[in-house]
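Take a look at the letters that make up each chain.
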Amino acid sequence: MRNYIIFLALLIFYSLNSLAQLQPADQQYTDSLNRILNGSSRDSLKAEAGFKLTDFWVDHDSTKAVLYLNKARTWSTKYPLLVARSYWYEALIYQDRNYAKAEKLLIHADSLLSKFNTKGVYRLRSMVWHNYALIQQHKDDLKATLDILINRVLPLSKKAGDKEFLGTEYLSIGTVFTNLGQYEKATPYLQQGLNALKDTSPNKYYLLVNAYLTTAGNYYHLKNHQLTKKHLDLAKTILDKSDHVVTGYPMAIFWLDYYKSTTRYFINTKQYSLALLDADKAIKLAEKLSDNYSLQEVIFEKYRILFKQKNFVMAKKTLLQIIDQPEINTLATNKLKMTEALAEVNYANGDIKEAYNWIKKSKALSDSLNESKLKEDINALEIKYKNAENQKKIASLNTEKKQNALIIKNNKKTNFLLIAASFFLLISVILLYFYFRGYKKLAEQRTINYKQKVAELEQKQQLEISKAMLNAEEKERNRVARDLHDGLGGMLSGLKINLSNWAKHREMQLHDVELQRIVNQLDNSVTELRYIARNMMPQTLLKFGLETALKDLAESAMSKHMHIDFQALNISKHIALEEQIIIYRVVQEILTNTLKHAQASEVVLQCSENKKRFYITVEDDGIGFDTSTYKKGLGIENIKNRIAYLKGTFEIDSHPGNGTTINIEIPISYE
């Protein structure tokens, strides 16, 4: 009855520390960390203590979490890895409150962590991307969730070398496929998760139990009863063993999941007596754990069992226990199932009027597109019902004139016709509901597909225009640079030589002030001309590659008022020339804007390459600006057009008085 994704394994895996902290020793734990923070320990130890306190207060008091995070950052400034980790902890604070901010923090954390190559960092990066996937799940973007888990989280988990951690990630991917109804695709991931967790130590049996139950649920949907039963039995074996060891997690939760799963299995295999026994066990556990949703969920399963056993009176009584409970009625689909079930059981009990009332309530919850049609069908049912009642009254008035045998015969016929008509109309209403709901979904999907195609065509057209403009711009730059250097530059140089020869021929002294001034002006003009030509088509890029050209660009952009710290990491010499030129132009435009507008004294330019992705980060300590109100200039638009042409991403983070940070990520290809 649930229609959402639960990464149970990962939630358990990540929450162990917080479970341990929710014990009476909380005060002692926080006091010990505060003593480190306020003592004379090394800065790195103080930062670690601050991070642990941040992690502790995330689930208790976000204000204190922010306070301790700021303290930890104060002690982290000398340690790049600790600075990178601080963004992970900050993202935890906003994980459930501000998705957009949490996403930016996680991306920034990963960009900083990617510079380190240790198993611990790989594990942390996989957690960073796992949380990013959870945000996409909360936004109902399950395709993005799967893409991140498979292409980001899984490779990093493998590098981390932690089998238990890797196993839980495989289970997460399998769970997503299961909830999408793609059970065949889920199977190999769930099996790999089991293989990774099969040698789990006893104190972490909960991971293995969860893996068996998740896999059993997938085989249940595939209607593979044999493998469903096999994995349920394996889960029970581990649950029995866990009764004799300390697992670090309440196993009653998994006993509840086990009995819920066996109840459904026994219903599906028509073993109703066994299903009823396990349903009662699940109900007791749900009551003990105060898990109201699971309690109501199992009670509904118990109703299904009693109905299939044709114990309609008890089935109705069971269903009425949860009809008004808030947990199960949170989802409209659950409420609709409840009303349909009550119509079904009242009809089976022969209470046609009550069944009719529940059909009306079910109609009110149905799709708005079907409302008019459903209303006609319900009205027809009402008319037939009233006609049948009138026939009963007529038959009752004629009882004095007709024999008892004839009255009984007519009543039987009337009841049979009424039941048959009601049943037919009920089936018709249900079929119409599903037909129109499917039609609505198909129409919505067609609309979405059309909009996507239009957007793709517009984007493709825009990219083609941008490509043509950029190519034309570069060709024109190249032509003008060549003309300036070879034409006007040569003419100015020749003019200088001719002037010198003329002066000599005229027996004029070269130290003549006026002559010297003219010669100097010609020298300066030639130098300025070459500078302009180099900016229009950097020869350093063509001769020595992108990294050398960027370094030369940074050095040429520096002044006595602004220092630029250029940092390069793993920049390949085999990037396609067209992409090198665009990257060079982007950096050139950013530095030009910074020089003109930022009033900065320090600028950090970081350029790196990793797995066919090129990353650019520019940070300055300038005056900053409000990104929500600033007017987009030609420079910013040029940068965005070039990045969009390469299908990259562009982000600006700035606040008045706090400088500006620009993050760019560009996919690249090699020659």
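Residues numbered from 1 in each chain as written. Predicted model: local features only at pLDDT ≥ 70, side-chain atom pairs only at ≥ 80, totals over all residues. Heavy atoms only, no water.

1. Examining the pattern of salt bridges
Alright, step 1. As enumerated under the stated definition, the model contains 17 salt bridges in all.
Alright, step 2. Residue Asp-43 is joined to Lys-78 by a salt bridge in which the shortest nitrogen-to-oxygen separation is 3.9 Å. A residue pair is termed long-range when its members are at least 10 positions apart, and Asp-43 in helix 3 (residues 43-58) and Lys-78 in the loop between helix 4 (62-74) and helix 5 (80-94) qualify at 35 residues.
Alright, step 3. Residue class for Asp-43 comes out partly exposed when judged on its relative accessible area of 22%.
Alright, step 4. Its relative accessible area of 63% is what places Lys-78 among the exposed residues.
Alright, step 5. Between Glu-164 and Lys-204 there is a salt bridge, and its shortest N-O distance comes to 2.9 Å. With Glu-164 in helix 9 (residues 163-179) and Lys-204 in the loop between helix 10 (183-197) and helix 11 (205-221), this pair connects stretches of sequence that are 40 residues apart.
Alright, step 6. By relative accessible area, which is 16% here, Glu-164 ends up buried.
Alright, step 7. Take Lys-204: its relative accessible area is 23%, and that puts it in the partly exposed class.
Alright, step 8. What emerges from the salt-bridge pattern is a single network uniting Asp-257, Lys-260, Arg-264, Glu-297, Glu-301 and Arg-304. (Salt bridge = Lys/Arg side-chain N within 4 Å of Asp/Glu carboxyl O. Helix = DSSP H or I, 4+ residues; strand = E, 2+ residues; numbered from the N terminus. Buried < 20%, exposed > 50% of the residue type's maximum accessible area, 1.4 Å probe, protein only.)

2. Quick look at unusual backbone geometry
Keep in mind that most residues, glycine aside, have a negative phi and that most peptide bonds are trans.
Alright, step 1. A positive phi is found at Ser-290, a non-glycine position, where the angle reads about 55°.
Alright, step 2. As for its placement among the helices and strands, Ser-290 is situated in the loop between helix 14 (272-289) and helix 15 (292-308).
Alright, step 3. Even without being glycine, Lys-611 reaches a positive phi, approximately 55°.
Alright, step 4. Tracing the chain through its elements places Lys-611 in the loop between strand 2 (602-610) and strand 3 (613-620).

3. Thoughts on the sheet that holds strand 5 (residues 660-667)
Alright, step 1. What the five strands build is an open sheet, ordered 1-2-3-5-4; its pairing is mixed. Both outer strands of the open sheet, strand 1 (563-569) and strand 4 (649-654), are each paired with one neighbouring strand and no more. Here the strands of the sheet are splayed against their neighbours by 10° on average, with no regard to which way each runs.
Alright, step 2. As judged from the six bridges shared by strand 4 and strand 5, these two strands associate in the antiparallel manner. Residue pairing for strand 5: Asp-653 is matched across the bridge by Thr-661.
Alright, step 3. Sheet contacts for helix 23 (residues 546-557): strand 1, strand 2 and strand 3; angle to strand 1, the most-contacted strand, approximately 170°. (Pairing = 2+ DSSP bridges. Axes fitted to C-alpha atoms, helices over the stretch in contact; angles between N-to-C directions. Contact = heavy atoms within 4.5 Å.)

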